[in-house]
Amino acid sequence: MVDLLVLGGLGVDVRVRVPALPLPAADSHTVEPIELRIGNTGAGVALAARALGLRVLVVDTLGADPAGELVRAALTRAGVPAVLAENPDGTRRSVNLVDPGGRRTSLYDPRPWRGGPPFSAAEVAALARDARHVHLSIMDWAVPLLPAVRAAIAAGVALSTDLHDWDGENTYHRPFADVADLVLVSGVRLGDRGASLAGTLAPRTVLVTRGADGAELFPGDGTVTPVPPATAPAPVVDTNGAGDAFAAGLIAARLRGEPLADAARYAARVAAAACAHDGMEYPPGLLPSG
């Protein structure tokens with residue numbers, strides 16, 4: 001039995017600190033040392049959840065390449081076991097441009113999966129059956145397996161997904177929203193359409209995250225609860241992974257039995273603390289335990 005099963009979302013981030021966003025036009029910019037580290041959404045959720053004390057298992061594809069080895073080593077350091085299949089096209093990667101205030105723009109290379117699913121429905125169902133919570137990253141290989149995951153989870157076990165900057169219309173995201181109990185989505189493209197989207201997804205719980213402006217909790221009953229932003233415990237250095245840390249905090253609090261509104265406020269504190277650290281490998285004690 002694990003507390004959290006994370007399906008998909010491993011990769012590497014190339015972190016580049018830039019003078020401003022958008023980047024001023026120039027042939028070249030001299031920047032601080034460029035860092036290569038574990039990244040992408042599934043890694044962010046898994047590492048934050050592990051730092052919060054949860055037992056975590058990750059299932060995904062990685063390349064047999066240096067980037068894949070970097071991911072494997074980081075998971076080992078954090079004590080996060082993984083069930084992995086080899087992607088012949090290599091490991092996903094992102095280039096994250098981060099401005100002096102910690103704001104980022106990400107350039108994402110998804111290394112699409114080709115062919116049938118890398119895991120059988122029976123394999124993922126068995127793993128989901130032994131988890132207290134299942135979190136879906138929106139990986140292409142996972143789509144055919146979603147019905148098996150949904151059918152396998154035990155009564156009372158929640159299934160969550162993060163749809164990132166979904167506009168509410170892109171059909172790629174819809175299968176993940178349809179099987180989830182808890183949907184997280186960034187408000188970047190939604191604007192003021194959060195309530196409308198939540199209405200279409202009811203009775204699912206929807207959390208629209210808005211970075212430094214907090215979040216909105218839609219519990220699926222037509223109401224909305226504002227979630228105020230939290231203050232970082234130190235200067236903000238990197239907002240990459242803040243949404244993943246929010247998801248991990250929300251999951252951890254719900255597994256402790258906290259009500260949704262309380263869990264969301266705790267998640268905001270976890271996300272704020274994550275912004276005070278450069279990267280997703282969090283030192284002990286950085287993320288608030290409760």
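Heads up: the structure comes first, above all this text.
Scope of this entry: the structure provided in the associated data block.

Parameters and conventions
Residues numbered from 1 in each chain as written. Predicted model: local features only at pLDDT ≥ 70, side-chain atom pairs only at ≥ 80, totals over all residues. Heavy atoms only, no water. Axes fitted to C-alpha atoms, helices over the stretch in contact; angles between N-to-C directions. Helix = DSSP H or I, 4+ residues; strand = E, 2+ residues; numbered from the N terminus. Parallel < 35°, antiparallel > 145°, perpendicular 65-115°, else oblique. Left-handed = near helix turned anticlockwise from the far one by under 90°. Contact = heavy atoms within 4.5 Å. Nonpolar A, V, L, I, M, F, W, Y, C, P; charged D, E, K, R; others polar. Pairing = 2+ DSSP bridges. Salt bridge = Lys/Arg side-chain N within 4 Å of Asp/Glu carboxyl O. Buried < 20%, exposed > 50% of the residue type's maximum accessible area, 1.4 Å probe, protein only. Phe/Tyr/Trp six-rings, centres within 6.5 Å; stacked < 30°, edge-to-face > 60°. Lys NZ or Arg CZ within 6 Å of the ring centre and 35° of its normal. Lys, Arg positive; Asp, Glu negative; His and termini not counted. Polar contact = N/O pair within 3.5 Å; in protein donor to acceptor, adjacent residues only side chain to side chain.

## Observations regarding the packing of helix H1 (residues 41-51) against helix H7 (residues 242-255)
The interhelical angle for the contact between H1 and H7, taken along N-to-C directions, is 45°, at an axis separation of 8 Å. As judged from the angle between their axes, H1 and H7 are oblique. Handedness of the crossing formed by H1 with H7: right-handed. Contacts from Thr41, Gly44, Val45, Ala48 and Ala49 in H1 reach Asp244, Ala245, Ala247 and Ala248 in H7. Residue composition of the contact of H1 with H7, grouped by class: 6 nonpolar, 2 polar and 1 charged.

## What about the sheet that holds strand S2 (residues 11-17)?
Across the sheet, which stays open at both edges, the 4 strands sit in the order S3-S2-S6-S7 with mixed pairing between neighbours. Each edge of the open sheet is held by one strand with a lone partner, namely strand S3 (35-39) and strand S7 (104-109). Mean inter-strand twist for the sheet, computed between neighbouring axes without regard to direction, equals 25°. Judged from the 6 bridges that link them, strand S6 (residues 93-98) and S7 form a sheet pairing that is antiparallel. In the strand pairing of S7, asparagine 96 is matched with serine 106. With respect to the sheet, helix H2 (residues 66-78) is in contact with S2, S3 and S6, its orientation differing from that of S3 by roughly 65°.

## A closer look at the pattern of salt bridges
Following the criterion strictly, the structure yields 20 salt bridges and no others. Residues aspartate 109 and arginine 111 are paired through a salt bridge, measuring 2.7 Å at the closest nitrogen-oxygen approach. For aspartate 109, a relative accessible area of 27% corresponds to the partly exposed category. The class for arginine 111 is partly exposed, based on a relative accessible area of 23%. In this structure, the salt-bridge partner of aspartate 262 is arginine 265, at a minimum N-O distance of 2.4 Å. Linking aspartate 262 with arginine 265, this pair stays in helix H8 (residues 260-274), spanning 3 residues, or about one helical turn. The partly exposed category is assigned to arginine 265, whose relative accessible area is 36%.

## Quick word on the packing of H7 against H8
Where H7 meets H8, the closest approach of the two axes is 7 Å, and the angle between their N-to-C directions is 140°. Judged by the inter-axis angle, H7 sits oblique to H8. With respect to the hand of their crossing, H7 and H8 are arranged in right-handed fashion. Only Leu260, Ala263, Ala264, Tyr266, Ala267, Ala268, Val270, Ala271 and Ala274 of H8 make contact with H7, whose side of the interface consists of Ala242, Ala245, Phe246, Gly249, Leu250, Ala253 and Arg254. Tallied by class, the residues present in the contact of H7 with H8 amount to 14 nonpolar, 1 polar and 1 charged.

## A few points about the packing of aromatic side chains
Considering all chains together, one arrives at 2 aromatic pairs under this definition. Taking 6.0 Å as the distance between ring centres and 40° as the angle between the ring planes, the aromatic pair formed by tyrosine 172 and phenylalanine 176 counts as tilted. Classification of tyrosine 172 as partly exposed rests on a relative accessible area of 32%. Arginine 256 extends its terminal NZ or CZ atom over the ring of tyrosine 266, reaching a point 4.6 Å from the ring centre.

## Quick word on the side chain of aspartate 13
Summarising the element assignment, aspartate 13 is placed in strand S2. Despite its burial, aspartate 13 pairs with no opposite charge, the nearest such side chain being arginine 104 at 6.0 Å. At 2.8 Å, the side chain of aspartate 13 and the side chain of asparagine 240 are in polar contact. Look past the residues within four positions of aspartate 13 in its chain and what remains in contact with it is Glu35, Leu36, Arg37, Ile38, Gly39, Asn40, Ser94, Asn96, Asn240 and Met280.

## Concerning unusual backbone geometry
For the peptide bond that leads from leucine 21 to proline 22, omega is 0°, which places it in the cis range. Mapped onto the secondary structure, proline 22 falls in the loop between S2 and S3. Positive phi values are uncommon outside glycine, yet asparagine 40 reaches one of about 80°. For asparagine 40, the location among the structural elements is in the loop between S3 and H1. Residue class for asparagine 40 comes out buried when judged on its relative accessible area of 9%. Although it is not a glycine, arginine 111 adopts a positive phi angle of roughly 45°. Locating arginine 111 in the fold gives a position in the loop between S7 and helix H3 (121-129).

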